[in-house]
Amino acid sequence: MRNSIEKIRIDIAGAKDRVKKSADDDIGAGYLKLQIHTIKLMDTLKKAGCERHHDWVKIMENVCVQMTPLKDVQPFTISIKGYTMRAAELLEKQKILKNVSKIMARKLLSEGKHTQAVEAALYSLRFSIEVHGLNSVALVPAYLILCESNIGLGNLEQADEYLAHAEWTVMKSTDCTDGMKSKLFRKMGILFATKGDYDNAQRMFAEDVYHGSLEWGTDHVQTTGGFFHMANVFFRLNQMDIADSLYNQVINNWFKFLVEAVNTKIRLKTHVDPLKKVTEVKVDGRQFFDEDLEAEGHTTMWSVYEIRELSPKQNHEELATITFDLSMFFYLISDYKKVLTMTNHTTF
């Protein structure tokens, strides 16, 4: 990892030298802007201590690749063709950085680093604007992360503003999916719940579940987050029968998904070649869920686990189920130490 970190520092130093030069045309200016944004993004990660973690270093290496200079146009190439080639390469770099910075923001948010998550999400928003323009629904994911990060910081007015941008963009869009609407209503519900407006929060979570069901199905884990937040509201209102029923649905939905995913991972890890030799294949958790769903799944299941464990009327079957859910989840993301920890907790 030490060599990777040193290479990252060399790449950043090279980018800092390149931004001192002036651009020859608008493509060059766009590339300079990309490098400036990326240097600042990397500085944010450094301040957050991300260089100390292997998974973060891999992400940072991917970012550094996007800071490499645009390919030189061959001599005597027709100018329009050369311009088009450079424009396409710049656009591809912007698309990659849009997605990577969104992953960074979501990961920082899941680690509780809300200030750095805001900064990373702002860069994701800037790259999204460069790629899609100001009015595209593709900007909504960055707005939603900015909203959630500001809620975590207690900046509710700022969170409201970003959410308003997201809502307006969705309203104007003619091709917004039910999945995107589900995520928007979920953030609206979380903001209302944070303000203590539980009636409107419940209404938003109901919309979340409705659109999630249309997109993925009622029992899908993508929809499950709406049930989880709805349960939290009933929990706060001390309506425990309803809350428990919803928490059970959350646990059962994840259980079905995780059992299938674990069986798939086991099957993929063991490969039999024509000579009947069994070899082990590395399987990444990304085959089962993306960064957003991983972060949401961890938060959701851990919260339910703590509620079940601290309950004065502990239900051992429910606690065992959520513990098993977490064991399978950690197995899928290859965090085997936590698998052992959770497995040991099943001996109630």
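Just so you know, these numbers come straight off a predicted model, no measurement behind them.

Now for the overall build of the protein chain. A count of helices and strands for the protein chain gives 14 helices and two strands. Oriented by its inertia axes, the alpha-carbon framework of the protein chain measures out at about 75 × 60 × 35 Å. For the protein chain, with 348 residues in total, the buried portion stands at 43%. Sequence-distant contacts in the protein chain: of pairs separated by 6 or more residues, those separated by 24 or more amount to 64%. Summing over all exposed atoms, the protein chain offers an accessible surface of approximately 18700 Å²; the carbon and sulfur share of this is 54%. With 44 positive and 46 negative side-chain charges, the protein chain shows a spacing of 6 Å between the two charge centroids.

What follows concerns the packing of aromatic side chains. Summed over the entire model, instances satisfying the criterion amount to nine aromatic pairs. Between Phe257 and Phe289, the aromatic rings sit 6.2 Å apart at their centres with planes inclined by 35°, giving tilted as the arrangement. Taken together, the positions of Phe257 in helix α11 (residues 240-269) and Phe289 in the loop between β2 (278-280) and α12 (291-310) put the pair 32 residues apart, joining distant regions of the chain. Classification of Phe289 by relative accessible area gives buried; the value is 2%. An aromatic cluster of three or more residues is present, and its members are Trp254, Phe257, Phe289, Phe329 and Phe330. Taking the ring centre of Tyr331 as reference, the NZ or CZ of Lys265 above it sits at 4.5 Å.

Our focus in this paragraph is the side chain of Arg308. Among the structural elements, Arg308 can be located in helix α12. Taking the relative accessible area as the measure of exposure, Arg308 reaches 6% and is therefore buried. With residues up to four places along the chain from it excluded, the contact list for Arg308 reads Asp244, Tyr247, Asn248, Ile251, Gln314, Glu318, Leu319 and Ile322.

With 94 residues, the main nonpolar core has Met42, Leu45, Met104 and Leu108 as its most contacted residues. When residues of this core are assigned to their parent elements, the largest contribution, nine residues, is made by α11.

So, about helix α5 (residues 114-132). Here α5 is 19 residues long and its end C-alpha atoms lie 26 Å apart, about the 27 Å a rise of 1.5 Å per residue gives. Within α5 the residues assigned to the buried category are Gln116, Ala117, Val118, Ala120, Ala121, Tyr123, Ser124, Leu125, Phe127, Ser128 and Val131. On its buried side, α5 packs onto α2 (26-47), α4 (79-110) and α6 (140-153). Looking one or two residues past α5, Gly133 carries a phi angle of roughly 95°, positive in sign.

Cut-offs used in this document
- Residues numbered from 1 in each chain as written.
- Predicted model: local features only at pLDDT ≥ 70, side-chain atom pairs only at ≥ 80, totals over all residues.
- Heavy atoms only, no water.
- Helix = DSSP H or I, 4+ residues; strand = E, 2+ residues; numbered from the N terminus.
- Buried < 20%, exposed > 50% of the residue type's maximum accessible area, 1.4 Å probe, protein only.
- Contact = heavy atoms within 4.5 Å.
- Areas by Shrake-Rupley, 256 points an atom, 1.4 Å probe, with all protein chains shown as cover.
- Lys, Arg positive; Asp, Glu negative; His and termini not counted.
- Charge placed at Lys NZ, Arg CZ, Asp CG, Glu CD.
- Phe/Tyr/Trp six-rings, centres within 6.5 Å; stacked < 30°, edge-to-face > 60°.
- Lys NZ or Arg CZ within 6 Å of the ring centre and 35° of its normal.
- Core = buried A, V, L, I, M, F, W, Y, C linked by side-chain atoms within 4.5 Å.
- Expected span 1.5 Å × (residues − 1).

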